[in-house]
Structure formats: C-alpha cells, structure tokens
Amino acid sequence: MDKIVVFETYYNPIEANIIKSRLMDSGVQCFLSDENMITINPLYTQALGGIKLHLFEKDVNTARSILQDEDVQIALGEATVDVPESQNGDTQNDQVCPNCGSSNVGYVQATKKRFSILTMIVSILLLVYPFAAKKTNHCFDCGYEFE
Ligand SMILES: [Zn+2]
C-alpha cells in the first residue's frame, strides 16, 4: 500500500484544480480535499488551511518535475499575455480590523502564487470568478468583514 502525502496546499480552488488536472493528464493520480467547502465560501479557505492536494509519496518527484516543466514552457509565452497589475493581488495590506483591532486582515481571494502560468490563468479566471469583484477585507481573528 503506497503512502499518500500532502503534496501542496492552495488557497485558490481554481489554482488547485489547474494543478490537479495537469498532474492527472500526466498520469499522476491525485485528489483534492477541503475543496467543496472553499468553493462554496472562500472565506473559509484560511480557516481550513487551504485546499490540500494529495498524491502517492512515490509520485512526489514526478509531480514536481511535471510542474517545473510547465513553468518553463509558460515563461516563454508569457510576454504575449498582458496581465493587469491590479490582478496580481496584494495578499497583505495595512488594514486593521475595526472590530477587534487585529492586523491579521487580508483580501479573501488572496492566492499563493507559485507558477507564472497559474498566475496568468488565475488572473484571467478571476475576472469572471463570482467573488473576484468583491474585494472585502476579512479579519482572520474574529471573522469580521469590512470595506
Ligand atoms: Zn477582527
């Protein structure tokens, strides 16, 4: 019985699904956990610690090399794609929660950018993603939301 490990954790369901599809296309068996909850309400992403991508331990190195190859390919084509700067997404800001005074505050659709192709695709998808237009500050300590 092969051991299943957490390969990576994502904070954006689109990004997680892109990676999953890429690996599955290459024959690497994998699955996501905590996905449904986050897709329904991205505000829970941080609370759950993100979407976990699981795969067999023996496939970890294979998965890494697949994703590295992807990164290289995209870097070549990236020059033709104009990604609006505003979509690059600040994951941090200087906001302070007016409810509890915590500075542990961020935009709810913040993503962990690891791959240039994903940055590009996610940016495009965010334009139609239902939560993209709603830049709500979310306090991760008390859950309060404010503009
Ligand atoms: Zn708060």
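Structure: see above.
Residues numbered from 1 in each chain as written. Predicted model: local features only at pLDDT ≥ 70, side-chain atom pairs only at ≥ 80, totals over all residues. Heavy atoms only, no water.

Asks: Outline the coordination of the zinc ion, listing residues and values.
Replies: Those donors, Cys97 (SG), Cys100 (SG), Cys139 (SG) and Cys142 (SG), are the protein atoms that reach the zinc ion, and they lie 2.2 to 2.4 Å from it. Coordination at the zinc ion is tetrahedral: its four donor atoms span angles of 103 to 116° at the metal. Donor residues binding the zinc ion come from one chain and are separated in sequence as C-x2-C-x38-C-x2-C. Of this pair, Cys97 sits in the loop between α4 (60-77) and β4 (105-107) while Cys142 sits in the loop between β5 (137-139) and β6 (145-146), and the two are 45 residues apart along the sequence. Judged by its relative accessible area of 3%, Cys97 is buried. For Cys142, a relative accessible area of 35% translates into the label partly exposed. (Donors = N, O, S within 2.8 Å, 3.2 Å for Na, K, Ca; no water. Tetrahedral: all angles 85-135°; square planar, octahedral: opposite > 155°, others 65-115°. Helix = DSSP H or I, 4+ residues; strand = E, 2+ residues; numbered from the N terminus. Buried < 20%, exposed > 50% of the residue type's maximum accessible area, 1.4 Å probe, protein only.)

Asks: Would you mind going over the packing of aromatic side chains in detail, with residue names and values included?
Replies: Counted by the stated rule, this structure contains one aromatic pair. Relative to Phe146, the ring of Tyr144 has its centre 6.1 Å away and its plane inclined at 20°; by these criteria the two rings are stacked. (Phe/Tyr/Trp six-rings, centres within 6.5 Å; stacked < 30°, edge-to-face > 60°.)

Asks: Any chance you could break down the nonpolar core for me, citing the residues and the numbers?
Replies: Membership of the largest hydrophobic core comes to 16 residues, with the highest contact counts inside it found for Phe7, Tyr10, Ile19, Leu23, Leu53 and Leu55. If you list the elements that add at least two residues to this core, you get β1 (4-10), α1 (13-25), β2 (30-33), β3 (51-56) and α4. Among the elements that line this core, the one with the most residues is α4, at four residues. (Core = buried A, V, L, I, M, F, W, Y, C linked by side-chain atoms within 4.5 Å.)

Asks: How would you summarise the sheet that holds β3 if you had to cite specific residues and measurements?
Replies: As summarised here, the arrangement of the three strands in space is β1-β3-β2, forming an open sheet in which the pairing is antiparallel. Unpaired on one side and paired on the other, β1 and β2 mark the two borders of the sheet. Between one strand axis and the next, the sheet turns through 30° on average, direction left out of account. Packed on one face of the sheet, α1 meets β1, β2 and β3 and runs near 165° to β2. (Pairing = 2+ DSSP bridges. Axes fitted to C-alpha atoms, helices over the stretch in contact; angles between N-to-C directions. Contact = heavy atoms within 4.5 Å.)

Asks: I'd love a proper account of the environment of Ala63, names of residues and values included.
Replies: Position of Ala63 among the secondary structure elements: in helix α4. For the pair formed by Ala63 and Ser26, sequence separation is 37 residues and the distance between their alpha carbons is 8.6 Å. Excluding anything up to four places from it in sequence, Ala63 contacts Phe7, Leu23 and Leu55.

Asks: Which residues make up the pattern of salt bridges, and what are the values?
Replies: In this structure the tally under the stated criterion is one salt bridge. Put simply, Asp59 and Lys58 hold a salt bridge, and the shortest N to O gap is 3.7 Å. (Salt bridge = Lys/Arg side-chain N within 4 Å of Asp/Glu carboxyl O.)

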